[in-house]
Amino acid sequence: MNKLFDWMIAGLLLEGVVFGQSSVSQGGATAVTVIRAGTLIDGKSDQPRRDQVILVRGNRIESVSDAAAGKLPAGATVIDLSKATVLPGLIDSHTHIFLQGEAPAQGGYDANILTAPLALRAARATVAARRALEQGFTTLRDVETEGAGYGDVGIKEAIEAGYIPGPRLFVSTRAISTTGGYPLEGYAPELEMPKGAQIVDGPVEARKAAREQLDHGADWIKVYMTHRSWVGKNGELVSQPTLTVEELRAIVDETHGWGKKVACHAYSGIGLHRALDGGCDSIEHGLDLDDAAIAQMLKQGTWYVPTLSVYYTDWGPADTEAGQRDRLRAVVHEPSFRKALKAGVKIVFGTDMGGIPWTEPIAQEFLRMVEFGMPPMEAIQCATSRAAVMLDMEGQIGVVAPGAFADLVAVDANPLRDIKALERIDFVMKDGKVFRPK
Ligand SMILES: [Zn+2]
């Protein structure tokens, strides 16, 4: 770990600069940092560039130029990454910082809601946010707190105020589903159990839930359009639909009025088609996309966040119904991804971390995307400039270019040849400040 840090520090010593004095130079002037990039993948261009110099002033990138061309400004802190590949800070557009891959042996999902005090959940979320940042993910779209209410808004405020380290967060608070459409479930019907999402029935309740969540700080609204899934009579993946088109339309109409977007969890079939008919902005998971769904996504400009990895691990035993369903999900997911890729659907990188324990590498998703036919450069763009467009942050994040926030990562490898190398990122800058994992 931290070979790049050694080079960087060596570079700083050569330049006679002591690190730690970099954020504000003497006299209170805005700090200027120069980063030498051996190879630059800027998040947008199709080709990497060699020997670039990135000039960072304060929290923004001021210029990007050929090393041969420029003269370094006097007094700048120099970070030497001339042996490394530099990329924009990465974006994971589907995470749950309030989940920890809840192990069934420890009570699983239910115990998290029934036994963990909210402060404990917030403490764990703080660690999850830190884990993301140290792996080079400088932005997350976190798609609901799973029973932890508006905790994500609080974590976001703590990061923005500098109390804790973490990525930029786009949060969606409580999420929305229907009666019979979300855990906790399976308890005695006489018991009123807490739910992992806000439950609505009817367009009036649906709109009200969206209003409440937006009012309390949601950047996105997350809707569960399918819930249970199983193997159908003809061996197909069947998913139980939740909201009606009318209910979803009320949410989408309200949310768009606030200038925000709606992410729909949808696996297949009726619920997936209702999600599209209701005008959702992004399909999450989309395990079984039929041709009509793909055509409609193209027509409506719907984003697709496939979250592949999570469906290729952690299967139930092969001789159980759940195990067979888990295997079928994976079987249909790959051709859906390939069809969407071929058709030109706007695919964005997302993992479902939290569903996956935060101890695992977030960047494992890149390898799945590449194995399923996506060129490595495009996979990187799915986690940089393309995600930025979905998040209405084009030019601000996900790109190494003048005017963008200085969110940068580096790795001691060529990720275009070895995409797994992105699991070994060991230089992270967010907002012009170097993040140093302990
Ligand atoms: Zn999820």
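Residues numbered from 1 in each chain as written. Predicted model: local features only at pLDDT ≥ 70, side-chain atom pairs only at ≥ 80, totals over all residues. Heavy atoms only, no water.

Draft legend 1. Fine view of the environment of Val-331. Structurally, Val-331 is set in helix α9 (residues 321-343). Residues Val-331 and Ser-268, spaced 63 residues apart in sequence, show a C-alpha to C-alpha distance of 13 Å. (Helix = DSSP H or I, 4+ residues; strand = E, 2+ residues; numbered from the N terminus.)

Draft legend 2. Local environment of the coordination of the zinc ion. Only His-94 (NE2), His-96 (NE2) and Asp-352 (OD) from the protein reach the zinc ion as donors, at distances of 2.1 to 2.3 Å. Sequence spacing among the residues donating to the zinc ion works out to H-x1-H-x255-D. Taken as a pair, His-94 and His-96 share a single burial class, namely buried. (Donors = N, O, S within 2.8 Å, 3.2 Å for Na, K, Ca; no water. Buried < 20%, exposed > 50% of the residue type's maximum accessible area, 1.4 Å probe, protein only.)

Draft legend 3. Representation of the nonpolar core within the structure. Judged by nonpolar contacts, the single largest core of 85 residues is most densely connected at Ile-97, Val-223, Ile-251, Ile-283, Ile-347, Phe-366 and Met-369. A total of 6 residues in this core trace back to one element, the largest contributor, which is α9. Apart from residues lying up to four places away in sequence, Ile-283 is in contact with Cys-264, Ala-266, Leu-272, Ala-275, Leu-276, Met-297, Thr-302, Trp-303, Tyr-304 and Val-305. Membership of the second largest hydrophobic core comes to 19 residues, among which are Leu-40, Ile-54, Ile-79 and Leu-408. (Core = buried A, V, L, I, M, F, W, Y, C linked by side-chain atoms within 4.5 Å. Contact = heavy atoms within 4.5 Å.)

Draft legend 4. Broad picture of the pattern of salt bridges. On inspection of all chains with the given rule, the structure shows 20 salt bridges. Across the pair Asp-431 and Arg-168 runs a salt bridge, and its minimum N-O distance is 2.8 Å. Taken together, the positions of Asp-431 in the loop between β18 (427-430) and β19 (433-435) and Arg-168 in strand β7 (residues 168-171) put the pair 263 residues apart, joining distant regions of the chain. Given the relative accessible area of 22%, Asp-431 is considered partly exposed. Its salt-bridge partner being Lys-420, residue Glu-423 comes within 3.2 Å of it at the nearest N-O pair. Judged by relative accessible area, Glu-423 falls into the partly exposed class, the value being 26%. Salt bridges sharing common partners tie together Arg-207, Arg-211, Asp-253 and Glu-254. (Salt bridge = Lys/Arg side-chain N within 4 Å of Asp/Glu carboxyl O.)

Purely spatial values, then, with no claim about function.
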